[in-house]
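Architecture and fold: a report
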Number of protein chains: 2
Amino acid sequence: MYLAVMGYGTVGSGVVEVLNMNKTQIAQRSTVGKLEVKQILDLRDFPGDPNESKFTKDFKDILSDEDIKIVVETMGGLHPAFEFVSDCLKAGKHVVTSNKELVAKKGYELIELAKSNNVNFLFEAAVGGGIPVIRPIEQCLAANDITEIAGILNGTTNFILTMMIEKNMTFDDALKLAQEKGYAEKDPTADIEGFDACRKICILATLAFGKHIYPESVSTQGITKISLKDIAYVNAYDSVIKLLGVAKKISDKKTFVAVYPAVIKNGSQLSSVSDVFNAVLIRGNAVGDVVFYGQGAGKLPTASAVVADVIDCARNDEKRKPIFWEDAGEDDLVISELSETAVYIRAKLKAEKDSAVAEIEEKIGRIELLTYDGAEKDEIAFITERKSEKELKDAINSIGEIETISVIRVTDY
Amino acid sequence: MYLAVMGYGTVGSGVVEVLNMNKTQIAQRSTVGKLEVKQILDLRDFPGDPNESKFTKDFKDILSDEDIKIVVETMGGLHPAFEFVSDCLKAGKHVVTSNKELVAKKGYELIELAKSNNVNFLFEAAVGGGIPVIRPIEQCLAANDITEIAGILNGTTNFILTMMIEKNMTFDDALKLAQEKGYAEKDPTADIEGFDACRKICILATLAFGKHIYPESVSTQGITKISLKDIAYVNAYDSVIKLLGVAKKISDKKTFVAVYPAVIKNGSQLSSVSDVFNAVLIRGNAVGDVVFYGQGAGKLPTASAVVADVIDCARNDEKRKPIFWEDAGEDDLVISELSETAVYIRAKLKAEKDSAVAEIEEKIGRIELLTYDGAEKDEIAFITERKSEKELKDAINSIGEIETISVIRVTDY
């Protein structure tokens, strides 16, 4: 069976490499024999590349090639990826993509288009890179009502936080190191502000709960405000700070979805996910908690997920794989406040410490004070009890003797 | 679509419960509408059970019922499970099982039988309970050459080791507690001697490498010889002891498969798997390391995996899902010695410590001595460098000034 690859960057070239590297077993597992790349779309030239003869700069060459049954989209960005993918689906070609922006923003439209053309539109690589996550949700956990998902979904920010936690590097130095290592782009905004994680949790929440969650509706907070002081205080609580994407089903019409840094106790499965690794925790009403862990990015891991989807398209050439993804209704609500949570707070003291603690405990209940060697004398840090988040916020705002600097949710994962 | 359940024990009754609890979404995901239990086979009586009217004591009632398209086998044991499953497959019914003994010993035969009758024989629940493992190997990681698998595959032994590590309980006390909590059976042999983990690693190795690995050919060591002294010494190495099932591909014809306690560094994904939880690490040549974590046993988690397979059978009623599982050839070899490993050794001193250390280092190279508060004066414990396991064993045996008590492999996961 023939395929085309659109976009010969890191992931696209990785797809060609994996198809070649493991061709014998891929041919066996596809059940249709060899899977061969016939055309590669890229506007750049790749002189000397072993696949040089397969390159084209004209999308129409691929669209009109009836031999090509499966098209891999690894260009990234919304345009022209959306138009090209739409055209391929309309032409009766299966499409596999690693493009999270495309899926998060246009997933519903493209799935409907695939359905009406009786082809598959698969996107395992768009979430969690090489880690199998989407298929487990769709198939392995099909017998469960999924109530909650929490994931470390962005390798760049996890690397930066790991360097801050383990090497005591400042955020700026850790970001610089991530850029030197090629983990962060020159403009790191999408990673460090949480936008990348947001797209991924939107896709996961949509698959788990069945209705399209759009990134615009999701409260998204990055890691730029995390300081080494927060890391040190939280360490005294035997915990670490990780950037999480979280989705909880509140009711049929109401979902909590948000991206935020969170305090996680050491010893949990998510706390030990370090460097550029990712992990996704899924809570089902029958299976309990399951966690999937692996490399969330990188050439070959991501390509491995793309090729698994390609194999699945080949196996299911005649049959559509069902995906449960409806558009959001007008009365579907995405909320960003938890009905119950504990929080970590760091604040400037505006009065004597004992007096401030008395006021805090009077207004928000018992707290656990944190400290570390070298903590500033005029600061205070503590963990609250679990309470309604709205009540907690109101109470914190009413405390006159401190000025809040950081507020970070404490998870129970 | 109608199904039957054979064996109304913990898992079987859980299957009926999950089918009922999540029936709306299961009907949606099956793509064939409602999945309904029509008959339940069990020799016992269940007066007052809500499904009382569905019970039969005669297997032929199920076999001859043409409405029943899918049969769930949750009886356990080899006989009559093997005969019943064979008859169902021959009668053109899909079979889903959670019976690891059946799959580990008769997997090849039953898969071939399913193939020749154009039905599915699925067994996700036979490894790792609720954790999706088999389907990820077969599908999500299909683009990878899998080189290695290592798993904490038995919840009972993991619970016992966790109690020893965290509560300083002796093996006997921890086993007793496991029995009180219902995690261990009255006769705990299959768990504590590693036989249960052995069946599971055999199934995983077979799926990953494609040829049937039989339990009889696998070196299997349990945890009965692990003492609190070993736990304490290994803690001084910032590590824990876990019972692992390990499979490595050495060459096309040669596989290392074994079950043994191993030393694992804290901070790794496997080290933080505690209590009755299980985890499986899979190493692929494209994806790197991925880890799947969750509840390896228990009524609803296991039932959740069985029902996922049932849904898959319904979805693929007309089409067989491919499984790559050949019988082992006469020249296929399962080995039980590693080409390279470090080991932890605890030994009785038969000479002065300094003199013994000198002899050890002369014979096996540099070692890292371990100690803890309260260590016996006439004992020594250390970690060796990584070496050929055969050479290490020979060298250890040649040391005259110590008498070896424990030898435990150190992993690099």
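The preceding data block contains the structure.
All values reported here derive from a predicted model rather than from experimental measurement.

Thoughts on the overall build of chain A
If you tally the helices and strands in chain A, you get 14 helices and 17 strands. Taken over C-alpha atoms, the radius of gyration comes to 23 Å for chain A, in line with the 22 Å a tight globule of 413 residues would show. By principal-axis analysis of the C-alpha atoms, chain A measures approximately 75 × 45 × 35 Å. Burial statistics for chain A: of 413 residues in total, 59% are counted as buried. Here the contacts in chain A between residues at least 6 apart in sequence split such that 74% fall between residues at least 24 apart. Surface exposure of chain A reaches about 16,100 Å², of which carbon and sulfur atoms provide 46%.

Let's talk about the packing of aromatic side chains
For the structure on display, the rule yields 21 aromatic pairs over all chains. Their ring planes at 90 degrees and their centres at 4.9 Å tell us that Tyr 8 of chain A and Phe 55 of chain A sit as a pair that is edge-to-face. Of this pair, Tyr 8 of chain A sits in the loop between β1 (2–6) and α1 (10–21) while Phe 55 of chain A sits in strand β3 (residues 55–56), placing them 47 residues apart in sequence. Residue class for Tyr 8 of chain A comes out buried when judged on its relative accessible area of 9%. Pairwise contacts between aromatic rings join Tyr 8, Phe 46 and Phe 55 of chain A into one cluster. Across from the ring centre of Phe 82 of chain A, 4.7 Å away, lies the NZ or CZ of Lys 106 of chain A, which sits over that ring. Between Arg 409 of chain B and the ring centre of Tyr 260 of chain B, over which it is positioned, the NZ or CZ distance is 4.2 Å.

A word on the relation of the copies chain B and chain A
After a rotation of 180 degrees and a shift along the axis of 0.0 Å, chain B superposes on chain A with an RMSD of 0.0 Å. Read as a symmetry element, the transformation amounts to a two-fold axis. Closest approach to the rotation axis within chain B is made by the C-alpha atom of Phe 292 of chain B, at a distance of 2.4 Å. Looking at chain B, 100% of its interface residues are interface residues in chain A too, so the copies touch through the same face.

Overview of the sheet that holds strand β4 (residues 68–73) of chain B
Residue and element names in this part refer to chain B. The strand order β3-β2-β1-β4-β5-β6 describes an open sheet built from six strands, whose pairing is parallel. Each edge of the sheet is formed by a strand with only one pairing partner; in this case those strands are β3 (55–56) and β6 (121–122). Both strand β2 (residues 36–41) and β3 contribute to a ladder of two bridges, which runs parallel. Residue pairing for β3: Leu 41 is matched across the bridge by Thr 56. Across the sheet, helix α1 (residues 10–21) touches β1 (2–6), β2 and β4, and the angle it forms with β1 is around 155 degrees.

Some details on the nonpolar core
Membership of the largest hydrophobic core comes to 224 residues, with the highest contact counts inside it found for Phe 123 of chain A together with Phe 123 of chain B. Excluding residues that lie within four positions of it along the chain, Phe 123 of chain B makes contacts with Thr 97, Val 103, Ile 111, Ile 134, Ile 203, Leu 207, Asp 309, Ile 323 and Trp 325 of chain B. Within the second largest apolar cluster, 38 residues are counted, among which are Tyr 260 and Leu 270 of chain A together with Ala 262 and Val 291 of chain B.

Description of the environment of Gly 267 of chain A
Looking at where Gly 267 of chain A falls in the secondary structure, it is placed in the loop between β10 (254–265) and β11 (277–284). Sequence spacing of Gly 267 of chain A and Ala 125 of chain A is 142 residues, and the spatial spacing of their C-alpha atoms is 28 Å.

Description of the pairing of strand β12 (residues 288–295) of chain B
Moving residue by residue along a regular strand, the side chains alternate between the two faces of the sheet. The buried fraction of β12 of chain B amounts to seven of the eight residues, a majority that puts the element mostly inside the structure. Looking at chain direction, strand β12 (residues 288–295) of chain A and β12 of chain B are connected through three bridges and run antiparallel. Across the sheet, the residue bridging to Val 291 of chain A is Tyr 293 of chain B, located in β12 of chain B. Summarising the sheet, strand β11 (residues 277–284) of chain B and β12 of chain B pair through eight bridges and their orientation is antiparallel. Looking at the pairing, Val 280 of chain B lines up with Phe 292 of chain B of β12 of chain B. Linking β11 of chain B to β12 of chain B, which pair antiparallel, is a turn of three residues.

Structural notes on the interface of chain B and chain A
Interface size, as often reported, equals the accessible area lost upon joining of the parts. Taken together, the contact between chain B and chain A spans 52 residues of the former and 52 residues of the latter. Contact between chain B and chain A buries roughly 4,400 Å² in total, counting both sides, with carbon and sulfur atoms accounting for 51%. On inspection of chain B and its partner chain A, the count reaches two salt bridges. We note a salt bridge from Arg 29 of chain B to Glu 138 of chain A, for which the minimum N-O separation is 3.9 Å. Taken together, the links from chain B to chain A amount to 14 residue pairs in polar contact (both at pLDDT 80 or more). Within the residue set of the side of chain B that touches chain A, elements represented by two or more residues are α1, α2 (23–30), α6 (134–140), α10 (195–209), β12 and α12 (299–315) of chain B.

Description of the packing of helix α4 (residues 81–90) of chain B against helix α5 (residues 100–116) of chain B
All names here are of chain B. Interhelical geometry of α4 versus α5 gives an angle of 15 degrees and a closest axis separation of 10 Å. Classed by the angle they form, the pair α4 and α5 counts as roughly parallel. The hand of the α4/α5 crossing is right-handed. Listed contacts from α5 to Ala 81, Phe 82, Val 85, Ser 86, Leu 89 and Lys 90 of α4 are Leu 102, Lys 106, Glu 109, Leu 110, Leu 113 and Ala 114. Classifying every residue of the contact of α4 with α5 gives eight nonpolar, one polar and three charged.

Some details on the pairing of β11 of chain B
Residue and element names in this part refer to chain B. For β11, the buried fraction is high: seven of the eight residues fall into the buried class. Where strand β7 (residues 146–152) lies against β11, six bridges are found, and the strand directions are antiparallel. When the bridges of β11 are listed, Gly 151 appears paired with Val 280.

Remarks on the sheet that holds β1 of chain A
Residues and elements named next belong to chain A. The six strands are arranged β3-β2-β1-β4-β5-β6 in an open sheet whose pairing can be described as parallel. Of all strands in the sheet, those with a lone pairing partner are β3 and β6 (121–122), marking the two edges. Bridge count between strand β5 (residues 94–97) and β6: two bridges; the pairing is parallel. Across the sheet, Val 95 pairs through a bridge with Phe 121, a residue of β6. Against the sheet, α1 touches β1, β2 (36–41) and β4 (68–73), its axis set at about 155 degrees to β1.

Some points on the pattern of salt bridges
Pairing of side chains with opposite charge becomes possible as their charged atoms draw close. All names here are of chain A. Summed over all chains, the structure comprises 64 salt bridges over all chains. Close ionic contact of Lys 299 with Glu 17 constitutes a salt bridge, the shortest N to O distance being 3.5 Å. Placement of the pair is Lys 299 in helix α12 (residues 299–315) and Glu 17 in helix α1, with a sequence separation of 282 residues. Note on Lys 299: relative accessible area 32%, which makes it partly exposed. Of the residues examined, Glu 17 reaches a relative accessible area of 34% and is grouped as partly exposed. Several salt bridges converge on common partners, so that one network encompasses Lys 229, Asp 230, Arg 346, Glu 376 and Glu 379.

Comments concerning the packing of helix α5 (residues 100–116) of chain A against helix α10 (residues 195–209) of chain A
All names here are of chain A. At their nearest, the axes of α5 and α10 sit 9 Å apart, and the two run at 50 degrees to each other. Here α5 lies oblique to α10, going by the angle between them. You can see that α5 and α10 cross each other, and the crossing is left-handed. Between α5 and α10, the contacting residues are Lys 100, Glu 101, Val 103 and Ala 104 on the first element and Asp 196, Arg 199, Lys 200 and Ile 203 on the second. Its residues placed into classes, the contact of α5 with α10 shows three nonpolar, no polar and five charged.

Parameters at a glance
- Residues numbered from 1 in each chain as written.
- Chains lettered and ligands numbered in written order.
- Predicted model: local features only at pLDDT ≥ 70, side-chain atom pairs only at ≥ 80, totals over all residues.
- Heavy atoms only, no water.
- Helix = DSSP H or I, 4+ residues; strand = E, 2+ residues; numbered from the N terminus.
- Rg over C-alpha atoms; globule rule 2.2 N^0.38 Å.
- Buried < 20%, exposed > 50% of the residue type's maximum accessible area, 1.4 Å probe, protein only.
- Contact = heavy atoms within 4.5 Å.
- Areas by Shrake-Rupley, 256 points an atom, 1.4 Å probe, with all protein chains shown as cover.
- Phe/Tyr/Trp six-rings, centres within 6.5 Å; stacked < 30°, edge-to-face > 60°.
- Lys NZ or Arg CZ within 6 Å of the ring centre and 35° of its normal.
- Least-squares fit on C-alpha atoms with pLDDT ≥ 70 in both.
- Pairing = 2+ DSSP bridges.
- Axes fitted to C-alpha atoms, helices over the stretch in contact; angles between N-to-C directions.
- Core = buried A, V, L, I, M, F, W, Y, C linked by side-chain atoms within 4.5 Å.
- Buried area = accessible area lost by both parts, 1.4 Å probe.
- Salt bridge = Lys/Arg side-chain N within 4 Å of Asp/Glu carboxyl O.
- Polar contact = N/O pair within 3.5 Å; in protein donor to acceptor, adjacent residues only side chain to side chain.
- Parallel < 35°, antiparallel > 145°, perpendicular 65-115°, else oblique.
- Left-handed = near helix turned anticlockwise from the far one by under 90°.
- Nonpolar A, V, L, I, M, F, W, Y, C, P; charged D, E, K, R; others polar.

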